[in-house]
Amino acid sequence: RRVHGGHISTVLQSLAQGEQAQDRKLESVFEFATEHRLPSAMRQQLMTHFRRQVIRGYDLRSLMLEIPMDLRTRVLSHLYHNLLRGVALFRECSEAFIGEVYSRLQPEVYPKGTIVYQQGEIGNELYLISKGFCQEFDKASSYVHSELHVGSMFGEGCVLGDRVRSCDVRTVTTTTLCVLPAEDFELVLNAYPGTKKQLRKSYWKYRFASDWLYSTTNTLDLRARGLPGS
């Protein structure tokens, strides 16, 4: 039991390491710029560059492999079970399926203002917000499609039938995203063919409704401003 307690302590202490690593990196960059008396504009560009880097404070999978199976399952369930159950797409899925998904999540910390992905990219990962706030937006028009809070999932189209990203996503605050590689999610779906079929059906239903809402809202906005396309 002492060993188990030590493992739990290690896991819980690791949860904040991503943000701490980001803070330390920025402090080092600032000290470097100050010591070498870099011009103000150059210093700002340097800080901006490092703020937009993803800092991985720990590797959850490596950490979990050091923990006995029964304890590992309970720790992962504590961290992510309720988060996944809150995703509308997963509400009807079995406990076994949910367990397979959360066992493959990898938390990553994204600084404020980071572009997670851009419209037109081929998607290779889906994301679940465990801390922070993001926006889906259209870069050309600056129109915000939706605001994504804790418990929101995005990017799932890369597996459920829509590989090309339909919009840009950026972090509004420092944000912790649980990342699931598309190939890992595909493996889970292939093991549960009935669930795979239902999730794809639900995804496209949501996508069509979302596209219709965006089209309608955009048309009304153009009319209000008397712009072409209305």
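What counts and what doesn't
Residues numbered from 1 in each chain as written. Predicted model: local features only at pLDDT ≥ 70, side-chain atom pairs only at ≥ 80, totals over all residues. Heavy atoms only, no water. Helix = DSSP H or I, 4+ residues; strand = E, 2+ residues; numbered from the N terminus. Buried < 20%, exposed > 50% of the residue type's maximum accessible area, 1.4 Å probe, protein only. Contact = heavy atoms within 4.5 Å. Salt bridge = Lys/Arg side-chain N within 4 Å of Asp/Glu carboxyl O. Bend = angle between axes of the 7 residues up to and from the residue. pLDDT = per-residue confidence, 0-100. Pairing = 2+ DSSP bridges. Core = buried A, V, L, I, M, F, W, Y, C linked by side-chain atoms within 4.5 Å.

Chemist: How should I be thinking about the environment of glutamine 119 in this particular structure?
Modeler: Relative to the helices and strands, glutamine 119 resides in the loop between β2 (115-117) and β3 (125-131). A relative accessible area of 43% means that glutamine 119 is categorised as partly exposed. Separated by 48 residues in the primary sequence, glutamine 119 and cysteine 167 place their C-alpha atoms 4.2 Å from one another. Contacts of glutamine 119, omitting those with residues within four sequence positions, involve Asp138, Arg165, Ser166, Cys167 and Asp168.

Chemist: Would you explain the pattern of salt bridges in this entry?
Modeler: Think of it this way: side chains of opposite charge can pair up when their charged atoms draw near. Taken as a whole, this structure holds three salt bridges when the rule is applied. For arginine 104, the salt bridge identified is with glutamate 100, shortest N-O distance 2.7 Å. The class for glutamate 100 is partly exposed, based on a relative accessible area of 31%. As a salt-bridge pair, glutamate 186 and lysine 196 come within 3.0 Å of each other at their nearest N and O atoms. A residue pair is termed long-range when its members are at least 10 positions apart, and glutamate 186 in helix α8 (residues 182-191) and lysine 196 in helix α9 (residues 193-225) qualify at 10 residues. Residue classification places lysine 196 among the buried residues on the basis of a relative accessible area of 17%.

Chemist: Teacher, can you tell me more about helix α5 (residues 69-85) here?
Modeler: Residues separated by three or four positions in an α-helix point in the same direction, a consequence of the helix having 3.6 residues per turn. Within α5, the axis deviates most sharply at histidine 78, by approximately 45 degrees. Looking at α5, one finds that the buried residues are Leu71, Arg72, Val75, Leu76, Leu79, Tyr80, His81, Leu83, Leu84 and Arg85.

Chemist: Could you clarify how one ought to interpret the confidence of the model for the protein in this entry?
Modeler: A low pLDDT score tells you not to read the predicted coordinates there in detail. Confidence in the prediction of the protein, expressed as mean pLDDT, is 81, and 76% of residues score 70 or more. Long-range and interchain partners of residues 222-230, a stretch whose pLDDT sits below 50, account for six contacts in this model, where long-range means more than four residues apart.

Chemist: What am I meant to see in the pairing of strand β4 (residues 134-137) here?
Modeler: Across a regular strand the side chains alternate sides, sitting on one face of the sheet and then on the other. By the alternation rule, side chains of β4 split into Cys134 and Glu136 and Gln135 and Phe137, which are all buried. What sits between the antiparallel neighbours β4 and strand β5 (residues 144-148) is a turn of six residues, in which serine 142 has the positive phi angle 65 degrees. Alignment of β4 against strand β7 (residues 168-171), held across four bridges, turns out to be antiparallel. When the sheet's bridge partners are listed, cysteine 134 is paired in β7 with threonine 171.

Chemist: Could you clarify how one ought to interpret the sheet that holds strand β8 (residues 175-181) in this entry?
Modeler: Pairing between the strands of a sheet comes from backbone hydrogen bonds, and it takes one of two forms, parallel or antiparallel. Pairing is antiparallel across the open sheet formed by four strands, whose spatial order is β1-β8-β3-β6. Pairing within the sheet leaves two strands with one partner each, and these edge strands are β1 (106-110) and β6 (153-154). In this sheet, β8 lies alongside β3 in antiparallel orientation, the contact comprising six bridges. Bridge pairing in β8 places glutamate 125 opposite proline 181.

Chemist: I'm lost on the nonpolar core in this one. Help?
Modeler: Taken as a class, soluble globular proteins show a tendency for nonpolar side chains to be buried jointly. If you look at the biggest cluster of nonpolar residues, it comprises 32 residues, and the most contacted ones within it are Phe90, Phe97, Phe185 and Leu199. Sorting the residues of this core by element identifies α5, α6 (95-102), β3, α7 (157-160), β8, α8 and α9 as the ones contributing at least two each. If you tally residues by element for this core, the top one is α5, at seven residues. Apart from the residues within four sequence positions on either side, phenylalanine 97 is in contact with Phe90, Phe185, Val188, Leu189, Tyr192, Thr195 and Leu199. Grouped together as the second largest cluster of nonpolar side chains are 11 residues, Tyr110, Cys134, Phe154 and Val169 included.

Chemist: Would you mind going over the environment of valine 29 with me for this structure?
Modeler: Residue placement: valine 29 occurs in helix α2 (residues 17-35). Valine 29 gets classed as buried once you look at its relative accessible area, which sits at 8%. Distance in space between the C-alpha atoms of valine 29 and arginine 43 is 8.9 Å, their sequence separation being 14 residues. Beyond its immediate stretch of four places on either side in the chain, valine 29 contacts Leu46, Met47 and Phe50.

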